Amino acid sequence: MLPSLVVLGLPMETRHRLSWLLLPAVAAVVLIGISLLPRAQQSTALVWSLWGAAAAIALNAAVLGIGARRGAIELGVTVDIKRTHWVQGLLQASIYLYWGQFWAPVVSHAPLIVAQIVFLYGIDMVIAWSRRRPVRLGFGPFPIVLSTNLFLWFRDDWFFLQFTMLAVGAFAKDLITWERDGKRAHIFNPSAFALALFSFVLIVSDTTAITWGPQIATTLIRPELFYVHLFLLGIVVQYLFRVTLVTLCSAGAIFLFGVIYENATGVFWFVTASLPASVFIGLHLLVTDPATSPRSDLGRAIFGLLYGVSVIVLFGVLEWLGDPTFYDKLLSVPLLNLAVPWIDRFAEAIRARVKLPPVPGISGNAWRSNVAYMTVWSLLFLYMWTSGFVSPRHLGRQYTFWQESCLAQNVRGCRYLHEQLTEDCTEGEAVACFNLGQAVDLGLGVPPDRERASELWQRSCELGSERGCAAAGRARSDQLRSAQPRSVDPEGKAPD
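Residues numbered from 1 in each chain as written. Predicted model: local features only at pLDDT ≥ 70, side-chain atom pairs only at ≥ 80, totals over all residues. Heavy atoms only, no water.

S.K.: Could you give an account of a nonpolar patch on the surface, naming the residues involved and the relevant values?
M.R.: A surface patch of nonpolar side chains, about 600 Å² in accessible area, is lined by Leu305, Val309, Val313, Val317, Trp320 and Leu321. With relative accessibility at 39%, the residue Val309 sits in the partly exposed group. (Patch = residues over 30% accessible without salt bridge, like charges linked within 9 Å, V, L, I, M, F, W, Y side chains within 5 Å. Areas by Shrake-Rupley, 256 points an atom, 1.4 Å probe, with all protein chains shown as cover. Salt bridge = Lys/Arg side-chain N within 4 Å of Asp/Glu carboxyl O. Buried < 20%, exposed > 50% of the residue type's maximum accessible area, 1.4 Å probe, protein only.)

Right under this line is the structure:
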């Protein structure tokens with residue numbers, strides 16, 4: 001039991017009740033402590049964000065303390081350890097440990113992840129007590145914060161929006177509920193709801209640059225065995241919580257569409273991958289929350305299928321609009337959460353009309369059915385991995401593939417070739433500048449421009465590319481030769 005606050009003049013019962021305010025006070029102090037770390041001191045705006053988060057918790061706790069002192073609010077805490085929370089938290093933490101070995105910002109972001117977890121604990125306390133119920137103390141904030149940061153986090157100067165996003169998710173979980181299975185339950189996956197809402201605002205306001213979203217989506221693929229790592233983590237979740245059909249049907253829909261599209265066009269729908277790593281995380285983490293997904297097997301299959309189709313459609317829409325495509329796996333989840341009762345009813349109607357023959361030893365046994373689905377999913381993943389459908393060395397990541405596609409007059413291939421090389425060259429990649437120079441010189445998707453190509457090769461040379469230096473040197477030699485006047489003989493005839 002926490003020690004009672006020593007409040008002179010108050011009855012012992014009131015002192016005991018107010019002692020629980022030590023918890024949000026500790027959260028505020030920890031946030032202030034994190035603001036003093038060298039990582040936070042790199043940005044004044046980040047320090048203010050941490051102080052603001054601490055102040056929000058402390059001020060709300062003070063108001064609650066006044067209400068508790070008057071007897072209007074009852075402060076209390078219950079311990080509520082749910083397996084879904086600590087299992088998912090541990091598995092998600094392993095993703096960061098693996099990913100962080102290949103992308104340095106993950107390591108430097110670690111103190112800020114701790115700050116977000118502490119902040120969410122504080123916000124949960126404020127929400128619970130303000131709604132006159134005890135705080136459920138467990139590991140709930142861990143999977144919410146960790147899953148949110150696997151898709152989106154704001155840059156230091158805008159980090160107050162990260163805390164705002166978490167607060168929005170927490171309030172949505174508590175306030176937006178419905179009656180399900182005879183009890184009140186939250187409608188939306190809290191991290192998915194906040195991610196979708198903030199993604200929509202970022203798209204409309206064209207402010208993606210204040211986040212690390214694009215970099216997160218592209219660097220997840222750096223670990224050589226990332227897909228295998230996530231698949232194995234997913235198997236644990238699927239075994240424990242029987243959500244295999246959601247992942248299986250999502251991946252199956254994307255796989256089937258990808259095979260058809262690639263065979264029909266010769267290029268890839270998701271450009272650099274057949275199934276992007278960030279989408280692979282989405283179909284494991286965002287839509288597999290047992291509390292916000294359908295209850296029946298058929299309902300989960302439909303739910304997963306709809307998620308896979310929505311990702312495909314949203315990618316195409318975002319690409320057509322010229323918006324960042326990494327939002328494709330984030331925008332549809334709240335709508336799918338909202339559709340869960342209708343999906344369940346639709347699944348039940350199908351089951352009532354279509355009587356499938358029982359499968360000996362499996363039908364009617366939830367555990368065996370789930371093992372069967374896991375087996376199918378494992379076989380599908382094994383095929384996708386061995387065939388290169390999911391791979392960090394995917395053809396779509398190779399310049400030569402898009403060069404050949406462009407040479408074959410594939411419009412999408414030419415557009416991506418120039419867009420991606422231009423972006424990478426702007427960010428200082430020497431190889432990208434060299435390859436862009438080659439494309440411009442050869443006239444791949446654009447009119448040939450030797451002068452522009454020479455500038456790109458020179459940029460590549462300045463960035464340290466020996467091939468860029470050699471190409472720039474040849475281009476200068478060609479320009480000098482072409483600029484020299486041709487000699488003539490005294491009679492005015494040009495030499496043979």
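S.K.: Give a detailed account of empty space enclosed by the protein, specifying residues and quantitative values.
M.R.: Per the counting criterion, the structure on display carries three cavities of 30 Å³ or more. For the largest cavity, the calculated volume is near 80 Å³. The wall of the largest cavity is formed by 13 residues, among which Leu233, Gly234, Val237, His284 and Leu285 lie closest to the centre. Secondary structure elements with two or more residues in the lining of the largest cavity: helix H5 (83-99), helix H11 (226-241) and helix H13 (277-285). Among the elements that line the lining of the largest cavity, the one with the most residues is H11, at five residues. Looking at side-chain class alone, the lining of the largest cavity contains six nonpolar, seven polar and no charged residues. Of the pockets and cavities examined, the second largest cavity occupies roughly 50 Å³. Forming the boundary of the second largest cavity are Arg242, Thr244, Leu245, Asp297, Arg300, Ala366, Ser369, Asn370 and Tyr373. Secondary-structure elements contributing two or more residues to the lining of the second largest cavity are helix H12 (244-265), helix H14 (297-321) and helix H17 (366-387). Broken down by element, the residue count for the lining of the second largest cavity peaks at four residues, all from H17. (1 Å grid on protein atoms, 1.4 Å probe; cavity = no way out; pocket = protein on both sides within 12 Å on 5 of 7 lines; lining within 4 Å. Points joined across faces, edges and corners; volume = space filled by probe spheres on them. Helix = DSSP H or I, 4+ residues; strand = E, 2+ residues; numbered from the N terminus. Nonpolar A, V, L, I, M, F, W, Y, C, P; charged D, E, K, R; others polar.)

S.K.: Can you tell me about the side chain of Gln238, naming the residues and giving the values?
M.R.: You can see Gln238 is positioned in helix H11. Look at Gln238 and you get buried, because its relative accessible area is 1%. Ignoring any residue separated from it by four or fewer positions in sequence, one finds Gln238 in contact with Val243, Thr244, Thr247, His284, Asn370, Met374 and Trp377. (Contact = heavy atoms within 4.5 Å.)

S.K.: Please provide a residue-by-residue account of the pairing of strand S3 (residues 177-180), values included.
M.R.: Of the two faces of S3, the one lined by Trp178 and Arg180 is fully buried and the one lined by Thr177 and Glu179 carries no buried residue. Direction of pairing for S3 relative to strand S4 (residues 183-186): antiparallel, over a ladder of four bridges. Paired with Trp178 across the bridge in S4 is Ala185. (Pairing = 2+ DSSP bridges.)

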